[in-house]
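# Inside the fold
Each chain, letter by letter, is given below.
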Amino acid sequence: MRFHSKLMLIICSLLLGVIVILGITFELMLADALEKEIGRRALDTAKTVAQMEEIKQAFYTEDPAKIINPIAEKIRGSTNAAFITVGNLQGIRYSHPDPDEIGKPMVGGDNETVFEGNSIISETVGSLGPGLRGKTPIYNEAGQVIGVVSVGFLFADINETIEAYRDRIVLVGIITLLLGVVCTMLLARNVKKAIFGLEPASIGRLYQENQAVLESIREGIVAVNETGAITLANQTAQRLLGQKQEKERDCLTEKQDDLVHALGLTEVIETGEAEFDREALVNEQVLIVNRVPIKDANNQITGAVASFRNRSELFEVTQELSRVKEYAEVLRSQTHEYSNKLHLISGLIQLESYQEAIQFISSELDAHVSHTRFILQEVPDPLIAGLLLGKLNQANERKIELKIDPESNFREIPAAIDRAQLIVILGNLLDNAMDAVWATGAFAQEITIFLLDMEEVLLIEVEDRGPGISREHAERVFELGFSTKQQPNHGYGLHLVQQAVSKLHGNITHTGNPAGGTIFTVTLPKEV
């Protein structure tokens, strides 16, 4: 059975049950209240009759029934009572709706209490059938009980009244049930429309798939409703925004208004226009944000969603692609260079200048082998050694003299220090130095690296012969996006270095090189 059919069946069944229970309860309450009201009315009528002087005086005449019965019947007709019976102390009737019953003993057996001076309401079976009666004593001028008045209503008449009300209750219940069925159908239709005709199992499966998709995306995803309250945020978003996940729902709550405003979602909700590739500063991070409004079937804005990534990550990807292009160009030039060297060796061999050919080959080989041997000996870590060899080759291709100080020693790097952060520090410092020595005003195309493994700290020093850093720029070199270069995609390398140094609880400084250029010094504690 489909969900909306189950919903209709459950609600209609519940409504029918409620109506039946309320109807029965109301009928029982009505019957009880009606019996109490009729009993009080019967007793009040009996007391009124008992206090009539004509009734009291009639007891002292030769034929009391001749006077009492007409009075009792007249009152019975005006009160719709089933009977009004007046009797003496012996229980002999002086009045009755059936003239044949006058002069006969009263039926019911409940006169003794009345003769003792008490007024009662009782349910008994009389000559006319079962009924509800009110009885009270008749007193003479001396205050003595001289008779009894019994006013009764038959249960048959009471039940007819209750049945009349029951019919109305049933009619109201049927109308209420029909209205409930109609409302249930409308509700089920709206629910079906709201959930796009999906079944609960399908919704649950879609939710799980949606969560899996959100967590598999490397971009941060944040969604807000029309009031700007964050309703969804995946783990990447929480990591980038530096927030904690709540236990009950994936929703950022800390500084929520500031985050929504910083991501630009408030403006999107107000304008209803999508925005792409916009920069946003959140928690000292520059994010590249795409934000689009969420609209319902009536084209009304119900919220907005933003996807974003750290600009530094995008910069690293862009930088990597740029390096690939540079490597391709370098390989072309290197192919041309080595082709020339091969032609030189071929020419020397053809001229039978074998000694010169051997010397040329040995010189080329010694330069490469000496660098490789030194790095493998002093920097045994394969990642750091591989980076240094790659940078040596890159510097050679860019006609830059990159030297590793012969006093360098980087043998004992603790396992607790993240190698990825070391690579970020060393790689970006060398890239920055290579750009510096080719900048306008550089003193020479020379770079020196000094690596030292001390007792408690690791020391990294990169010295370049570039134009140096001016005083007005000295305090800004580590700012995100700041660069003196005119080319795009610069201003991130030194910022990434500073972030990596901070993560390793280290320190970075820069000073002027006495020979011209800049010296960057990084110290990292071994015990993080």
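Notes on the structure follow. (Residues numbered from 1 in each chain as written. Predicted model: local features only at pLDDT ≥ 70, side-chain atom pairs only at ≥ 80, totals over all residues. Heavy atoms only, no water.)

With that settled, the discussion passes to the overall build of the chain. Across its full length, the chain carries 14 helices and 14 strands. The burial tally for the chain puts 38% of its 528 residues in the buried class. For the chain, the proportion of contacts with a sequence separation of at least 24, taken over those separated by at least 6, is 56%. (Helix = DSSP H or I, 4+ residues; strand = E, 2+ residues; numbered from the N terminus. Buried < 20%, exposed > 50% of the residue type's maximum accessible area, 1.4 Å probe, protein only. Contact = heavy atoms within 4.5 Å.)

In the structure shown here, the tally under the stated rule is two cavities of 30 Å³ or more. Its volume calculated, the largest cavity comes out at about 90 Å³. Every residue along the wall of the largest cavity is listed here: F83, T85, R93, H96, M106, V107, G126, S127, L128, R133 and S150. (1 Å grid on protein atoms, 1.4 Å probe; cavity = no way out; pocket = protein on both sides within 12 Å on 5 of 7 lines; lining within 4 Å. Points joined across faces, edges and corners; volume = space filled by probe spheres on them.)

A separate point is a nonpolar patch on the surface. Side chains of L16, V20, I24 and L28 sit close together on the surface and give an oily, nonpolar patch of about 360 Å² of accessible area. Here I24 shows up in helix α1 (residues 3–50). Overall, the relative accessible area of 46% leaves I24 in the partly exposed class. (Patch = residues over 30% accessible without salt bridge, like charges linked within 9 Å, V, L, I, M, F, W, Y side chains within 5 Å. Areas by Shrake-Rupley, 256 points an atom, 1.4 Å probe, with all protein chains shown as cover. Salt bridge = Lys/Arg side-chain N within 4 Å of Asp/Glu carboxyl O.)

So, about a negative patch on the surface. On the surface, D157, E160, E163 and D167 cluster together to form a negatively charged patch. Mapped onto the secondary structure, D167 falls in helix α5 (residues 155–194). (Lys, Arg positive; Asp, Glu negative; His and termini not counted. Charge placed at Lys NZ, Arg CZ, Asp CG, Glu CD.)

A word on α5. Structural remark: α-helix, 3.6 residues per turn; residues separated by three or four positions point the same way. For α5, built from 40 residues, the straight-helix expectation of 58 Å at 1.5 Å per residue is met to within 8% by its first-to-last C-alpha distance of 56 Å. All of the buried residues in α5 are F155, I158, I162, I169, G173, G180, T184 and A188. (Expected span 1.5 Å × (residues − 1).)

Right, let's get into unusual backbone geometry. The phi torsion at N299 lies on the positive side, around 65 degrees, for a residue other than glycine. N299 gets classed as exposed once you look at its relative accessible area, which sits at 52%. One non-glycine residue, H505, lies in the positive phi region at around 60 degrees. Of note, H505 is situated in the loop between α14 (493–503) and β13 (507–512).

Turning our eyes to something else, we now look at the sheet that holds strand β12 (residues 457–464). Within a beta sheet, neighbouring strands are joined by backbone hydrogen bonds and run either parallel or antiparallel to one another. Sheet architecture is open: five strands sit in the order β10-β11-β12-β14-β13, paired in mixed fashion. Each end of this open sheet is capped by a strand with a single partner; those strands are β10 (401–404) and β13. Adjacent strand axes in the sheet meet at a mean angle of 15 degrees, parallel and antiparallel pairs treated alike. Two elements, β13 and strand β14 (residues 518–525), share six bridges in a ladder whose sense is antiparallel. (Pairing = 2+ DSSP bridges. Axes fitted to C-alpha atoms, helices over the stretch in contact; angles between N-to-C directions.)

Our focus in this paragraph is the packing of helix α13 (residues 419–437) against α14. As a packed pair, α13 and α14 sit with axes 9 Å apart at the nearest point and diverge in direction by 150 degrees. When the axis of α13 is compared with that of α14, the two are roughly antiparallel. In the packing of α13 onto α14, the handedness of the crossing is left-handed. Contacts between α13 and α14 pair Q421, V424, I425, N428, L429 and N432 from the former with G493, L494, L496, V497, A500, V501 and K503 from the latter. (Parallel < 35°, antiparallel > 145°, perpendicular 65-115°, else oblique. Left-handed = near helix turned anticlockwise from the far one by under 90°.)

A few words now on the packing of aromatic side chains. Taken as a whole and judged by the stated rule, the model has one aromatic pair. On the numbers, 5.3 Å between centres and 65 degrees between planes, the contact of F59 with Y94 is edge-to-face. Separated by 35 residues along the polypeptide, F59 in the loop between α2 (53–58) and α3 (64–79) and Y94 in the loop between β1 (83–88) and α4 (112–115) bring together distant segments of the chain. One residue, R168, lies across the ring of Y165, its end atom 5.4 Å from the ring centre. (Phe/Tyr/Trp six-rings, centres within 6.5 Å; stacked < 30°, edge-to-face > 60°. Lys NZ or Arg CZ within 6 Å of the ring centre and 35° of its normal.)

This paragraph deals with α13. Taking 1.5 Å per residue, 19 residues should reach 27 Å; α13 reaches 27 Å between its end C-alpha atoms and fits that length. Burial analysis of α13 places 15 of its 19 residues in the buried class, the great majority of the element. A side-chain oxygen of the first residue of α13 lies 3.0 Å from the backbone nitrogen of A420; this N-cap is D418. (Polar contact = N/O pair within 3.5 Å; in protein donor to acceptor, adjacent residues only side chain to side chain.)

Reading across from one edge, β6-β5-β9-β8-β7 is the order of the five strands in this open sheet, with antiparallel pairing throughout. The sheet is open, and its two edges are formed by β6 (230–233) and β7 (275–282), each paired on a single side. Sheet twist, expressed as the mean angle between neighbouring strand axes with direction ignored, is 30 degrees. Here strand β8 (residues 285–295) runs beside strand β9 (residues 301–310); their pairing, made up of nine bridges, is antiparallel. Within the sheet, the bridge partner assigned to R291 lies in β9 and is A306.

Once that is clear, we can look at the side chain of K391. Mapping K391 onto the fold places it in helix α12 (residues 382–397). Residue classification places K391 among the buried residues on the basis of a relative accessible area of 4%. In this structure the side chain of K391 is engaged in a polar contact, spanning 2.5 Å, whose partner is the side chain of D431.

It is possible for side chains bearing opposite charge to pair when their charged atoms get close. Following the criterion strictly, the structure yields 14 salt bridges and no others. With a closest N to O distance of 2.9 Å, E37 and R40 form a salt bridge. Here E37 and its partner R40 are both found in helix α1, three residues apart, which amounts to about one turn of the helix. Judged by relative accessible area, E37 falls into the partly exposed class, the value being 41%. Note on R40: relative accessible area 45%, which makes it partly exposed. Residues E73 and R76 are paired through a salt bridge, measuring 2.8 Å at the closest nitrogen-oxygen approach. Taken as a pair, E73 and R76 lie in helix α3 at a separation of three residues, close to a single helical turn. Overall, E73 belongs to the partly exposed group, its relative accessible area being 21%. Three or more residues joined by partner-sharing salt bridges are found here, namely E275, R278 and R291.

We now examine the environment of S307. Along the chain, S307 falls in strand β9. Given the relative accessible area of 16%, S307 is considered buried. Sequence separation between S307 and D277 is 30 residues, and the spatial gap between their C-alpha atoms is 9.7 Å. Not counting residues within four places of it along the chain, the set of residues in contact with S307 comprises E219, G220, I221, I288, V289 and N290.

That is the geometry; function is a separate question.
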